[in-house]
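A closer look at the structure
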Amino acid sequence: MSGDNAPRPRGGPVDPGFRLDGRYRLERRTGRHGQAEVWRAHDELLARPVAVTLASVPRAHRDLRRRLRDAARAAAALDHPGIVTTYDFGEAEDTGGDALVYAVTEFLTGESLAARLGRGLPEPHEALDACAQAADALAAVHACGIAHGDLSPAQVFLTEDGVKLLGLGITGAIAAQDGGAPEPAKSGPAKTDPAET
């Protein structure tokens, strides 16, 4: 492996500056979903900000790695303005030989609905608009035969362009695996999880 694709230390944190697969330079962690971390990153090939969701998975856990891949594929197939766009998915290797599974999604600026509610109740028109946009995106998800599984204010992200649903890719699959609620995203998908993604 080259220095640009240096393996992640087993069990250790990924540090800012880490370059994933020689392309995605991690800048700062924006959230955590169980065993997954969501990072703001820079796509050095396309020169744009992205969100990267990372999870270290033992290679022997083929079923989990397959579920994460399938979740990323399902999220990437969704095409709706209220759903975070998935750009890429892959696996790298950490120093212990485990798979470092990742998904790359659009990077969002704004705040989660949970953060917004933490400042107080929104005006009625703002609440109705956010609910209508989230419902429209959720209907598109269900029309594709996908269940969100963890819809909460932390999974609804408010941007200048409208509402985006998070947690449909590998972050959703990890949340289902871990059975825990995600840490709200500070900025970007928690996605992410995805994000995102």
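So, here is what we can say about the structure in this document. (Residues numbered from 1 in each chain as written. Predicted model: local features only at pLDDT ≥ 70, side-chain atom pairs only at ≥ 80, totals over all residues. Heavy atoms only, no water.)

**With respect to the pairing of strand β6 (residues 99–106)**
- Of all eight residues in β6, eight are buried, a share of seventy percent or more.
- Sheet analysis places strand β4 (residues 48–57) next to β6, joined by eight bridges and oriented antiparallel. Residue V57 lies in a different strand from β6, and its bridge partner there is A99.
- Looking at chain direction, strand β5 (residues 86–93) and β6 are connected through seven bridges and run antiparallel. Bridge assignment links D88 to a residue of β6, and that residue is V104. (Buried < 20%, exposed > 50% of the residue type's maximum accessible area, 1.4 Å probe, protein only. Helix = DSSP H or I, 4+ residues; strand = E, 2+ residues; numbered from the N terminus. Pairing = 2+ DSSP bridges.)

**Notes on the packing of aromatic side chains**
- Per the counting criterion, the structure on display carries one aromatic pair.
- When the ring centre of F107 is taken as origin, the NZ or CZ atom of R40, which lies over that ring, is 4.5 Å away.
- Positioned above the aromatic ring of Y87, the side-chain terminus of R48 is 3.8 Å from the ring centre. (Phe/Tyr/Trp six-rings, centres within 6.5 Å; stacked < 30°, edge-to-face > 60°. Lys NZ or Arg CZ within 6 Å of the ring centre and 35° of its normal.)

**Focus on the pattern of salt bridges**
- Inspection of every chain in the model, using the stated rule, returns 16 salt bridges.
- In this structure, D43 and R23 form a salt bridge, with 2.9 Å as the shortest nitrogen-oxygen distance. Taken together, the residues D43 in strand β3 (residues 36–43) and R23 in the loop between β1 (19–20) and β2 (24–33) connect sequence positions 20 residues apart.
- Take D43: its relative accessible area is 1%, and that puts it in the buried class.
- For E106, the salt bridge is made with K164, and the minimal N-O distance between the two is 3.1 Å. Residue E106 is located in strand β6, and its partner K164 is located in strand β9 (residues 162–165); the two are separated by 58 residues in the primary sequence.
- Here the residues in one salt-bridge network are R19, R25, E27, R40 and E44, joined through shared partners. (Salt bridge = Lys/Arg side-chain N within 4 Å of Asp/Glu carboxyl O.)

**A short note on the sheet that holds β2**
- One open sheet holds the six strands; their spatial order is β1-β2-β3-β4-β6-β5, and the pairing between them is antiparallel. Unpaired on one side and paired on the other, β1 and β5 mark the two borders of the sheet.

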